[in-house]
Protein chains: 2
Amino acid sequence: MAVNLSAPMNLLPVAGLRLGVAEAAIKKAGRNDLLVIELAAGSRVAGVFTQNAFAAAPVQLCREYLKATTSIRALLVNAGNANAATGDGGLADARATTAAVAAELGCEAQQVLPFSTGVIGLRLPLQRMLAAIPKAVAAASADAWTLAAATIMTTDTVAKGASRRVATSQGEVTVTGIAKGVGMIEPHMATMLGFIATDARLTPAAVDAALRSAVDVSFNCVTVDSDTSTNDSCVLCATAQVGSQDIDVGDADYAAVAAAIRDVCIELAQSIVRDGEGATRFITIDVGGAMSVAEARQVGYAIANSPLVKTAMFAGDANWGRIVMAIGKAGVSGLDPASVGIALDDVQLIVGGQPHPDYREERGAAVVAKPEFTISVTLGRGAAQARLWTCDFSYEYVKINAEYRT
Amino acid sequence: MAVNLSAPMNLLPVAGLRLGVAEAAIKKAGRNDLLVIELAAGSRVAGVFTQNAFAAAPVQLCREYLKATTSIRALLVNAGNANAATGDGGLADARATTAAVAAELGCEAQQVLPFSTGVIGLRLPLQRMLAAIPKAVAAASADAWTLAAATIMTTDTVAKGASRRVATSQGEVTVTGIAKGVGMIEPHMATMLGFIATDARLTPAAVDAALRSAVDVSFNCVTVDSDTSTNDSCVLCATAQVGSQDIDVGDADYAAVAAAIRDVCIELAQSIVRDGEGATRFITIDVGGAMSVAEARQVGYAIANSPLVKTAMFAGDANWGRIVMAIGKAGVSGLDPASVGIALDDVQLIVGGQPHPDYREERGAAVVAKPEFTISVTLGRGAAQARLWTCDFSYEYVKINAEYRT
């Protein structure tokens with residue numbers, strides 16, 4: 001059902017990074033579901049994580065490890081089990097898996113960041129994972145990005161990845177990222193597992209800054225179903241293999257590298273929405289004329305998460321009354337309906353709070369019949385704007401989520 | 001699909017109030033879709049209305065008229081068209097319909113409160129409504145409550161009404177109410193049309209106080225789909241026919257009458273959820289141990305509106321990981337997962353933030369297989385609590401809302 005999305009064909013290797021996968025039969029047998037990403041010594045890593053108060057065990061460990069060391073040497077990812085709401089036992093399980101990777105690589109457990117995705121509330125099948133970890137390490141290679149993207153899928157129907165190359169004064173730099181996630185998606189800090197890597201020699205501060213600014217306009221601007229996962233994690237690894245001069249925030253090369261990282265994140269975030277559970281429409285929501293970016297996003301999310309707007313879009317019904325309703329319920333204090341405008345692509349629906357005299361139902365219907373379109377809203381209050389991406393709400397969403405565990 | 005809900009059989013007449021219905025073919029022909037409620041001189045009326053910034057034309061007029069006069073003599077209600085987002089023309093239409101009722105009854109237009117429900121963004125069929133109004137007035141009788149409840153339905157599958165009798169020092173008092181609404185339901189002030197009447201001699205201040213306190217624990221505690229209508233309106237009419245002494249807030253009889261009004265509102269609000277679009281489960285959500293009622297409601301709504309919780313409940317799947325996720329995403333600052341408890345009816349799932357050792361999947365599954373059950377959450381932060389009602393999220397919800405206009 002994914003909207004204009006196909007699996008990535010040419011994900012570019014990143015010098016200093018190798019990926020290995022294995023089968024641990026975590027939820028079911030017959031598929032790769034465990035991934036180890038090895039990083040060269042000297043790599044700089046930054047992560048952003050879920051704002052959900054019930055952060056999963058691996059998220060808790062990532063936060064702990066990233067405080068304890070700046071020398072991360074590997075990432076361990078499993079699909080099929082989120083290791084969330086598993087109490088102290090779950091935390092011990094996650095710790096044991098990182099120790100197992102560390103033993104293979106000859107480093108400390110806290111140099112291995114763990115990530116889990118899948119069902120909440122079940123303990124990990126620890127023994128099967130410990131058995132699979134050496135196999136994944138043994139299989140590692142630089143060109144396994146596509147295999148890795150497929151390994152971390154859960155209800156995803158299409159693997160998600162993106163690459164960019166960008167010239168710097170020290171030579172050409174590569175940025176490659178993969179992500180997974182199609183439901184429980186309204187990240188608020190990061191999405192349900194995004195891994196972005198570059199061989200650029202970014203300083204730790206630059207890695208952190210580039211990740212946060214990229215996430216803010218990509219993973220933090222998508223919603224499938226308004227639900228925020230307990231496991232959302234997004235990591236940027238800079239392996240520092242190109243050149244010998246560090247690139248810090250403000251340096252000449254920083255802007256170009258950060259832009260490539262941002263572009264990869266936006267492409268990945270859009271891929272998540274295109275493959276949103278049951279999605280048949282990919283919808284961009286532009287809100288302008290707001291008093292702040294936060295206000296623009298508040299209105300954008302009210303539209304993007306309204307079940308009534310989303311079911312109308314699924315039906316290809318230009319039921320703009322529901323867009324009006326969603327703007328009105330967004331809770332913008334003092335919003336003046338008489339200054340609001342709404343358009344579907346270039347078809348103006350509402351101008352100055354009144355129905356546009358030239359609007360005809362057929363014109364709106366022609367827009368929402370397309371698999372991709374934009375809902376534009378102007379609030380007439382200020383100059384701030386925001387852009388979000390969402391999908392529609394179909395029978396298939398209910399089916400996927402009513403049957404997820406059975 | 002309504003959950004344990006049947007049409008009201010014995011709605012008690014309220015002295016001083018008559019109801020008349022007629023067919024105006026507002027959305028389609030062949031059904032009554034216009035209701036006039038006449039009130040005796042001396043009736044006291046209070047209303048609460050939507051917080052949606054795009055309040056519909058009838059809501060705007062209600063607010064204007066209630067400021068202009070304390071002598072309301074009639075309510076005019078139509079189904080099939082919301083008269084919302086219709087601009088200045090829609091406001092003129094609503095004004096014309098109230099003038100037409102006033103002409104029939106020999107009062108001023110501003111003594112007639114208008115209410116509309118149905119599709120947003122279309123103009124009313126004014127001529128057909130003006131033709132139907134005299135017929136509705138001519139048909140008015142004291143015992144047409146059940147007919148009235150059916151007349152105001154849109155996608156409702158069952159008419160909604162409730163009655164109570166209560167003894168006062170001046171004699172027995174009756175409270176009867178009707179409501180409609182099954183989608184675009186998260187009222188935040190009132191639901192999509194609730195009309196409650198009593199023959200008690202409540203003062204205007206007591207009418208207002210009794211309505212607000214009743215709505216706060218009834219219509220403001222339900223959600224079907226998190227969407228807030230542009231037309232939500234709830235009105236309490238006291239016809240002052242019983243006794244000769246006014247009942248004010250704090251008077252001996254006030255508590256009993258207010259409790260009867262509250263009970264009618266709770267029954268009506270629950271009816272709306274039981275008939276929620278596509279509903280197969282009626283779910284009570286109790287949140288305790290909060291630092292404030294607002295905080296308890298915040299957590300309750302996060303659960304009640306989570307598409308993932310709602311689809312799991314539809315599947316009869318005790319997927320409590322999604323309840324954990326919803327609590328965690330509610331945005332309660334400083335929430336300590338280690339103090340949280342969760343139960344399904346009397347089956348404890350989480351105690352002190354950890355899975356309960358005695359919990360077995362079968363026990364949770366047995367609860368959520370039932371058409372009615374309670375999700376209880378304790379936050380372990382304070383003494384405040386809140387109770388909400390919601391329903392599940394089914395294929396049928398998508399079907400109803402994808403096909404609503406076609």
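None of the values given here were measured: they were computed from a predicted structure.

1. Some words on the pairing of strand β1 (residues 17-22) of chain B
All names here are of chain B.
Part 1 of the reasoning: The buried fraction of β1 is high, at 5 of 6 residues.
Part 2 of the reasoning: Relative to strand β2 (residues 34-39), β1 is paired through 6 bridges, and the arrangement is antiparallel. Across the sheet, the residue bridging to Ala22 is Leu34, located in β2.

2. Section: the interface of chain A and chain B
Part 1 of the reasoning: Each partner contributes to the interface: chain A provides 52 residues, whereas chain B provides 52 residues.
Part 2 of the reasoning: Here chain A meets chain B over a buried area of about 4400 Å², counting both sides, of which 62% is carbon and sulfur.
Part 3 of the reasoning: Summed over the shared surface of chain A and chain B, the number is 2 salt bridges.
Part 4 of the reasoning: Here Asp227 of chain A and Lys329 of chain B are joined by a salt bridge, their closest N and O atoms 2.5 Å apart.
Part 5 of the reasoning: Scanning the region where chain A abuts chain B turns up 14 residue pairs in polar contact (both at pLDDT 80 or more).
Part 6 of the reasoning: If you list the elements that add at least two residues to the side of chain A that touches chain B, you get α2 (87-105), α8 (307-314), α9 (320-329), β14 (354-355) and α11 (395-402) of chain A.
Part 7 of the reasoning: In terms of residue count, the dominant contributor to the side of chain A that touches chain B is α9 of chain A (8 residues).
Part 8 of the reasoning: Looking at the side of chain A that touches chain B residue by residue, the class counts come to 25 nonpolar, 17 polar and 10 charged.

3. Looking at the domain arrangement of chain A
Residues and elements named next belong to chain A.
Part 1 of the reasoning: Domain boundaries assigned for chain A yield domain 1 (17-274) and domain 2 (282-402).
Part 2 of the reasoning: Just the C-alpha atoms count here: the centres of domain 1 and domain 2 sit 33 Å apart.
Part 3 of the reasoning: Residue-level contacts link 16 residues of domain 1 with 14 residues of domain 2.
Part 4 of the reasoning: Roughly 1300 Å² of surface becomes buried between domain 1 and domain 2 when both sides are summed, with 55% attributable to carbon and sulfur atoms.
Part 5 of the reasoning: At the junction of domain 1 and domain 2, the tally comes to 2 salt bridges.
Part 6 of the reasoning: Across the salt bridge formed by Glu372 and Arg274, the nearest N and O atoms sit 2.6 Å from each other.
Part 7 of the reasoning: Taken together, domain 1 and domain 2 are joined by 9 residue pairs in polar contact (both at pLDDT 80 or more).

4. Structural notes on the environment of Ala100 of chain B
Part 1 of the reasoning: Along the polypeptide, Ala100 of chain B turns up in helix α2 (residues 87-105).
Part 2 of the reasoning: Considered as a pair, Ala100 of chain B and Ile133 of chain B are 33 residues apart in the sequence and their alpha carbons are 7.1 Å apart.

5. A short note on the packing of α11 of chain A against helix α11 (residues 395-402) of chain B
A pair of packed helices is captured by two measures, namely the crossing angle of their axes and the spacing between those axes.
Part 1 of the reasoning: Packing of α11 of chain A against α11 of chain B brings their axes to within 8 Å, and their N-to-C directions diverge by 170 degrees. By the angle between their axes, α11 of chain A is roughly antiparallel relative to α11 of chain B. From α11 of chain A, Tyr395, Val398 and Lys399 of chain A reach across to α11 of chain B, where they touch Tyr395, Val398 and Lys399 of chain B.
Part 2 of the reasoning: Across the contact of α11 of chain A with α11 of chain B, the residue classes tally to 4 nonpolar, no polar and 2 charged.

6. Observations regarding the nonpolar core
Part 1 of the reasoning: Ile327 of chain A together with Ile327 of chain B are the most contacted members of the largest nonpolar core, which totals 183 residues.
Part 2 of the reasoning: Ranked by the residues each element gives to this core, the list is headed by helix α6 (residues 254-274) of chain A, at 12 residues.

7. Quick look at the sheet that holds strand β9 (residues 222-223) of chain B
Residues and elements named next belong to chain B.
Part 1 of the reasoning: Spatially, the 7 strands line up as an open sheet ordered β9-β16-β11-β15-β12-β13-β14, and their pairing is mixed. With one partner strand each, in any of the chains shown, β9 and β14 (354-355) form the two edges of the open sheet.
Part 2 of the reasoning: Pairing of strand β11 (residues 282-290) with strand β15 (residues 372-378), which is carried by 7 bridges, proceeds in the parallel orientation. The residue of β15 that forms the bridge with Thr284 is Thr374.

8. A look at the pattern of salt bridges
Two side chains with opposite charge may pair up if their charged atoms get near one another.
Residues and elements named next belong to chain B.
Part 1 of the reasoning: Using the criterion set out here, one finds 34 salt bridges over all chains in the structure.
Part 2 of the reasoning: The salt bridge partner of Glu172 is Arg165, with a shortest N-O separation of 3.7 Å.
Part 3 of the reasoning: On the basis of relative accessibility, which here comes to 51%, the residue Glu172 falls in the exposed class.
Part 4 of the reasoning: You can call Arg165 partly exposed: its relative accessible area is 48%.

9. Looking at the relation of the copies chain A and chain B
Part 1 of the reasoning: Of the transformation superimposing chain A on chain B, the axial component is 0.0 Å and the angular component is 180 degrees, with the fit at an RMSD of 0.0 Å. The two molecules are tied by a two-fold rotation axis, judged by turn and shift. It is Tyr395 of chain A whose C-alpha, among those of chain A, lies nearest the rotation axis, at 2.7 Å.
Part 2 of the reasoning: A share of 100% of interface residues in chain A that are also interface residues in chain B marks the association as one of identical surfaces.

10. Regarding the UniProt feature "binding site: substrate" (unreviewed entry) in chain A
All names here are of chain A.
Part 1 of the reasoning: In this numbering, the UniProt entry assigns the feature "binding site: substrate" (unreviewed entry) to Thr154, Lys180, Thr191, Glu277, Asn401 and Thr406.
Part 2 of the reasoning: Structurally, Glu277 can be placed in the loop between α6 and β11 (282-290).
Part 3 of the reasoning: The exposure class assigned to Glu277 is buried, which follows from its relative accessible area of 5%.

11. Things to note about the sheet that holds β14 of chain A
Residues and elements named next belong to chain A.
Part 1 of the reasoning: The strand order across the open sheet formed by 7 strands is β9-β16-β11-β15-β12-β13-β14, and the pairing between neighbours is mixed. With partners counted over all chains shown, the strands left at the sheet margins are β9 (222-223) and β14, one partner each.
Part 2 of the reasoning: Where strand β12 (residues 341-344) meets strand β13 (residues 347-351), 3 bridges bridge the pair, whose relative direction is antiparallel. Residue pairing across strands places Ala343 opposite Gln348, the latter belonging to β13.
Part 3 of the reasoning: Set on the sheet, α9 makes contact with β12, β13, β14 and β15 (372-378); between it and β12 the angle comes to about 135 degrees.

Quick notes on the rules
Residues numbered from 1 in each chain as written. Chains lettered and ligands numbered in written order. Predicted model: local features only at pLDDT ≥ 70, side-chain atom pairs only at ≥ 80, totals over all residues. Heavy atoms only, no water. Buried < 20%, exposed > 50% of the residue type's maximum accessible area, 1.4 Å probe, protein only. Helix = DSSP H or I, 4+ residues; strand = E, 2+ residues; numbered from the N terminus. Pairing = 2+ DSSP bridges. Contact = heavy atoms within 4.5 Å. Buried area = accessible area lost by both parts, 1.4 Å probe. Salt bridge = Lys/Arg side-chain N within 4 Å of Asp/Glu carboxyl O. Polar contact = N/O pair within 3.5 Å; in protein donor to acceptor, adjacent residues only side chain to side chain. Nonpolar A, V, L, I, M, F, W, Y, C, P; charged D, E, K, R; others polar. Domains from an automatic or database assignment. Axes fitted to C-alpha atoms, helices over the stretch in contact; angles between N-to-C directions. Parallel < 35°, antiparallel > 145°, perpendicular 65-115°, else oblique. Core = buried A, V, L, I, M, F, W, Y, C linked by side-chain atoms within 4.5 Å. Least-squares fit on C-alpha atoms with pLDDT ≥ 70 in both. UniProt positions renumbered as here; feature names shortened; annotations may be inferred.

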